[in-house]
Amino acid sequence: MASAFRLQCHCILIFLAALKGETRYLEAKGAGEDEPFLLLSADLKRELAGRQLYHRALRCIDMLSVEGQFTFTAEQPQLHCAAFFIGDPEELITLDYDFVNIDCQGGDFLKVFDGWILKGEKFPSSLDHPLPTSERYIDFCESGNIRRSFRSSQNVAMIFFRIHEPGNGFTFTIKKNANLFPCNVISQTPTGRFTMVIPHQHRNCSFSIIYPVVIKISDLILGHLNSLHLKVSCLFVS
Amino acid sequence: MKLQLLVSTGILLVALLPCHDCRALSKSPPAAASAPLPPDFLHPQPSLPVLLRMGEEYFLRLGNLNKSPTASFFASSSSSSSRLPPGAPATNFFRAAVQQLQQLPERSLESAAGPGEGEAESLPREAMEREKRSEEPPISLDLTFHLLREVLEMARAEQLAQQAHSNRKLMEIIGK
């Protein structure tokens with residue numbers, strides 16, 4: 001009887017933890033990259049840790065979805081360049097400037113934008129992002145000596161840069177960090193399944209796909225607060 | 001006579017005096033690069049965000065209403081691909097994309113020369129430029145969704161290749 005009561009208490013505790021959303025942390029931690037390396041010896045782990053960081057040259061128009069170090073060197077005046085960063089839905093983008101050689105006074109600029117912006121349309125939109133548009137731009141020429149590291153609020157980010165003088169350029173490192181409860185997501189793939197969990201937060205979230213797809217919402221659980229009306233809308237992208 | 005001389009001298013001075021707001025009149029980026037630019041050039045100038053976002057307007061102005069930017073892009077890429085080695089599709093793609101994007105502001109500079117002249121005498125002070133900074137549209141890239149999907153596919157291919165390389169290294173290490 002005592003053991004049955006104990007089992008019931010354990011079940012209640014697990015149920016309460018699941019309702020609070022904390023189990024998602026355990027799920028993310030358990031599915032981490034270190035799990036397959038637990039069986040390896042210390043020497044092998046040391047050898048794996050010493051692997052060199054992925055490095056390649058950055059193009060004027062580029063898209064990065066891997067971690068690594070990227071270098072841009074202008075061979076000619078490059079006035080309209082941008083690089084997009086995208087990670088998995090459960091990841092955040094971290095950018096660290098390793099080396100910057102641009103002429104800010106000469107009209108060069110290097111700006112990081114928290115999200116994507118195309119033809120003036122922002123993602124996440126101004127309604128969904130916690131920061132105003134002006135604060136989503138981090139200008140190296142204005143704050144380079146103070147802030148050389150940037151972390152995105154979602155799984156996408158981008159940089160704009162302009163370099164007049166050939167030979168000038170910059171180097172940065174991209175890393176990805178886990179985002180336990182992604183709110184605004186751009187999907188890399190046109191197929192798949194995604195579950196968005198928003199625990200006890202009053203905010204707008206979004207999930208975007210830049211491919212022509214059909215989105216089916218298979219399960220939807222919305223909170224209710226007095227007379228709050230639940231609204232379900234299906235988005236078809238063509 | 002004297003009045004005419006003074007008027008012509010004044011016109012010459014206005015035309016030849018260096019003016020940061022007159023960048024719209026410059027012909028080419030390298031020529032413009034030789035002149036020092038103020039650090040807040042991008043923010044107060046209404047021309048740059050318009051230049052970056054003038055893709056659709058530019059194509060409409062040329063009568064490309066039914067011609068998408070991707071069609072023109074593929075036309076340039078297919079013509080250039082015949083000259084490039086077959087093993088360089090990615091290089092060809094990005095070169096064509098950059099050329100397409102760089103052509104937009106150059107032609108837009110020329111087409112904006114008319115209305116730009118009217119702005120030559122405006123915005124004399126940095127304070128006014130700062131006030132207008134908040135009213136300026138944000139910096140963005142005029143890239144079509146099709147091109148965006150293309151670069152995204154390339155990024156995914158790179159990610160898969162990198163993952164395959166890591167797996168190969170891991171198997172080599174484990175096999176020791």
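Residues numbered from 1 in each chain as written. Chains lettered and ligands numbered in written order. Predicted model: local features only at pLDDT ≥ 70, side-chain atom pairs only at ≥ 80, totals over all residues. Heavy atoms only, no water.

Glancing now at the overall build of chain B. Across its full length, chain B carries nine helices and zero strands. Taken across its 176 residues, chain B has 32% of its residues classed as buried. Sequence separation of 24 or more characterises 76% of the internal contacts of chain B that already satisfy a separation of 6 or more. Carbon and sulfur atoms make up 61% of the accessible area of chain B, which amounts to about 10900 Å² in all. (Helix = DSSP H or I, 4+ residues; strand = E, 2+ residues; numbered from the N terminus. Buried < 20%, exposed > 50% of the residue type's maximum accessible area, 1.4 Å probe, protein only. Contact = heavy atoms within 4.5 Å. Areas by Shrake-Rupley, 256 points an atom, 1.4 Å probe, with all protein chains shown as cover.)

To continue, consider the overall build of chain A. The secondary structure content of chain A amounts to five helices and 16 strands. Counting every position in chain A, which comprises 238 residues, the buried fraction comes to 42%. Here the contacts in chain A between residues at least 6 apart in sequence split such that 66% fall between residues at least 24 apart.

With that settled, the discussion passes to the sheet that holds strand β2 (residues 61-64) of chain A. With mixed pairing, the five strands of this open sheet are ordered in space as β2-β4-β11-β6-β9 (chain A). Only two strands of the sheet have a single partner each, and these edge strands are β2 and β9 (137-139) of chain A. Sheet twist, expressed as the mean angle between neighbouring strand axes with direction ignored, is 15°. In this sheet, strand β11 (residues 156-163) of chain A lies alongside strand β6 (residues 109-113) of chain A in antiparallel orientation, the contact comprising five bridges. Within β11(A), the residue paired with A:L110 across the bridge is A:F161. Contacts from helix α9 (residues 145-174) of chain B reach β2 and β4 (78-86) of chain A, with the element oriented near 45° to β2(A). (Pairing = 2+ DSSP bridges. Axes fitted to C-alpha atoms, helices over the stretch in contact; angles between N-to-C directions.)

Residue and element names in this part refer to chain A. A full pass over the atoms with the stated rule returns three disulfides over all chains. What pairs with C104 in a disulfide is C141, and their sulfur atoms sit 2.1 Å apart. Of note, the bridge from C104 to C141 carries an S-S torsion of about -80° and is left-handed in sense. Placement of C104 in the loop between β5 (91-101) and β6 and of C141 in helix α5 (residues 140-143) is noted, with a sequence separation of 37 residues between them. The disulfide partner of C183 is C205, and the gap between their sulfur atoms is 1.8 Å. Classification of the bridge connecting C183 and C205 rests on its S-S torsion, roughly -100°, and on that basis the disulfide is left-handed. Of this pair, C183 sits in the loop between β12 (169-178) and β13 (184-187) while C205 sits in the loop between β13 and β14 (206-209), and the two are 22 residues apart along the sequence. Judged by relative accessible area, C205 falls into the partly exposed class, the value being 23%. Taking only the cysteines that form disulfides and numbering them from first to last, chain A has the pattern 1-2, 3-4, 5-6. (Disulfide = S-S within 2.5 Å.)

Let us now look at the environment of A:S187. All names here are of chain A. Within the element layout of this structure, S187 appears in strand β13. The exposure class assigned to S187 is buried, which follows from its relative accessible area of 7%. Only 2.7 Å separates the side chain of S187 from the backbone oxygen of T189, close enough to count as a polar contact. (Polar contact = N/O pair within 3.5 Å; in protein donor to acceptor, adjacent residues only side chain to side chain.)

Turning to the environment of A:F85, a few remarks are in order. Residue and element names in this part refer to chain A. Summarising the element assignment, F85 is placed in strand β4. For F85, a relative accessible area of 1% corresponds to the buried category. Among residues more than four places away in sequence, those in contact with F85 are L64, I93, L95, W116, N155, V156, A157, M158, I159, F172 and I174.

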